[in-house]
Amino acid sequence: MDRRQKPIAVFDSGAGGISVLRELVRLMPNESYIYFGDSLNAPYGTRPTDEVRQMTIDNISKLVDMGIKEAVIACNTATSAAVRPLRAMYPDMPVIGLEPAVKPAAEFAAGGRVLVMATALTLREEKLRALTAKYADKVQILLLPCPELVEFAENGITEGDELDSYLSEITSPYIGGIDAVVLGCTHFPLVKAAIKKAVGDVPLFDGGEGAARQAMHRLEKYGLLTDAEEGSISFLSSLKGKEELYRKLFYSEPG
Ligand code: DGL
């Protein structure tokens, strides 16, 4: 098979990567995608880094065996744990990772405060520490781990009283004192409307669009963009029945 016509794999611990898949399809509608969520093992963000690294490597390796031309790790947590070894394992294939959108948030909020919402693993790992250090002279960065928020999105709960009161409880110490919010977990754009309600008139930044642009540029560089006239998406999950949720989230209106 012509390598250009092979699918792009989009991987997440569960449903979160759907927010990245939306951006990819918006930019490259004629590509074929395999979306795989490891919902059986989600959440990843509360696990030890070594465990997440191994699970991510195993899952991406299975996707590579299916015959893909690019792997998008549509998960900040899995990227923090495993993007380096995966790039070393697959030097001939573009491996795209997700990075919390600290740069645009810091540029927007220069002189002020940025709240980074993410998983505990993302917040303690090197990738975020390096980003925080890079922008330390520009903004004050506050870190907020939100494991329950992953669970809401993972279970398809994108609105409602329970979600609203959880969000208002965790964000209340920051209200009035922040100038930008980074959604540093791909599950969070799925509940963007509820987050907006909680934080009010503060802009939200996420890394989905940037990662999609990078995925396209890398394919261009490798000469791997498809010339097909129509795209396709296969939704796969390690947890039987979750494919339906992924499909539903993908085709629903983002908040
Ligand atoms: N979607 C993942 C991320 O972007 C995390 C969710 C999880 O904890 O499994 O960080």
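Heads up: the structure comes first, above all this text.
All residue numbers refer to position in the chain's written sequence, counted from 1. Under the rules for a predicted model, residues below a pLDDT of 70 receive no local features and side-chain atom pairs below 80 are neither given nor counted, while totals for whole chains, interfaces and linings still include all residues. Remark: hydrogens and water are excluded; side-chain values derive from all non-hydrogen atoms of the structure.

> I keep staring at the overall build of the protein chain and nothing clicks. Help me out?
Going along the chain from the N terminus, every DSSP run of H or I of four or more residues is numbered as a helix, and every run of E of two or more is numbered as a strand. Counting its secondary structure elements, the protein chain contains 11 helices and nine strands. As a reference, a globule follows 2.2 Å times the number of residues to the power 0.38, and the radius of gyration itself is taken over C-alpha atoms. In terms of overall dimensions, the protein chain is globule-like: its C-alpha atoms have a radius of gyration of 17 Å, near the 18 Å expected for 255 residues. The principal-axis extents of the C-alpha atoms in the protein chain amount to approximately 55 × 40 × 35 Å. Counting every position in the protein chain, which comprises 255 residues, the buried fraction comes to 53%. Taking as baseline every contact in the protein chain between residues at least 6 positions apart, the subset at least 24 positions apart corresponds to 78%. Here the protein chain displays about 11300 Å² of accessible surface, and carbon together with sulfur accounts for 50% of that area. The average position of the 28 basic charges and that of the 35 acidic charges among the side chains of the protein chain differ by 4 Å. Three labels apply to residues, based on accessible area from a 1.4 Å probe with only protein chains included: buried if under 20% of the type maximum, exposed if over 50%, partly exposed otherwise in between. Contacts are assigned to residue pairs that have any heavy atoms within 4.5 Å of one another. Values of accessible area rely on a 1.4 Å probe in the Shrake-Rupley scheme; residue burial ignores everything except the protein chains shown. A residue counts as positive if it is Lys or Arg and as negative if it is Asp or Glu; His and the chain ends are not included. To locate a charge, the coordinates of NZ of Lys, CZ of Arg, CG of Asp or CD of Glu are taken.

> Looking at this model, I keep getting lost on the sheet that holds strand 2 (residues 32-37). Mind explaining?
Think of a sheet as strands paired side by side through backbone hydrogen bonds, with each pair either parallel or antiparallel. As summarised here, the arrangement of the five strands in space is 4-3-1-2-9, forming an open sheet in which the pairing is parallel. Looking at which strands have only one partner, the edges of the open sheet turn out to be strand 4 (95-96) and strand 9 (232-237). Strands are treated as partners if at least two bridges between them are detected by DSSP. Bridge count between strand 1 (residues 8-12) and strand 2: five bridges; the pairing is parallel. Bridge pairing in strand 2 links Val 10 to Tyr 35.

> What is the right way to look at helix 3 (residues 76-89) in this model?
Within an α-helix, residues lying three or four positions from one another point in the same direction, as the helix has 3.6 residues per turn. How far a helix is expected to stretch is found by multiplying one less than its residue total by 1.5 Å. An ideal rise of 1.5 Å per residue puts 20 Å on 14 residues; helix 3 measures up with 19 Å between its terminal C-alpha atoms. Think of it this way: the bend at a residue is just the angle between two axes, each fitted to seven residues, one set ending at that residue and the other starting at it. Ala 82 marks where helix 3 bends most, by close to 60°; the proline Pro 85 follows one to four residues later. Those residues of helix 3 not exposed but buried are Asn 76, Thr 77, Ala 78, Thr 79, Ser 80, Ala 81, Ala 82, Val 83 and Leu 86. Against the buried residues of helix 3 lie strand 1, helix 2 (49-65), strand 3 (70-73), strand 4, helix 5 (120-124) and helix 6 (126-134).

> It is not clear to me how the site of the ligand should be interpreted in this structure. Could you clarify?
Whether a residue is near a molecule or strand depends on its heavy atoms: if one lies within 4 Å, it is near. What surrounds the ligand is a group of 13 residues, the closest being Ser 13, Tyr 44, Thr 77, Thr 186 and His 187. Between N or O atoms, a polar contact is any pair within 3.5 Å; within protein, one atom must be a potential hydrogen donor and the other a potential acceptor, and residues adjacent in sequence are included only when both atoms are from side chains. Contact between the ligand and Asp 12: a nitrogen atom at 3.0 Å from a side-chain N or O atom of the residue. Thr 77 places a polar side-chain atom, nitrogen or oxygen, 2.6 Å from an oxygen atom of the ligand. Contact with the protein chains covers 99% of the free accessible surface of the ligand, which is 300 Å².

> Would you mind showing me how to read the environment of Glu 244 here?
Summarising the element assignment, Glu 244 is placed in helix 11 (residues 242-251). Taking the C-alpha atoms as reference, Glu 244 lies 17 Å from Glu 151; in sequence the two are 93 residues apart.

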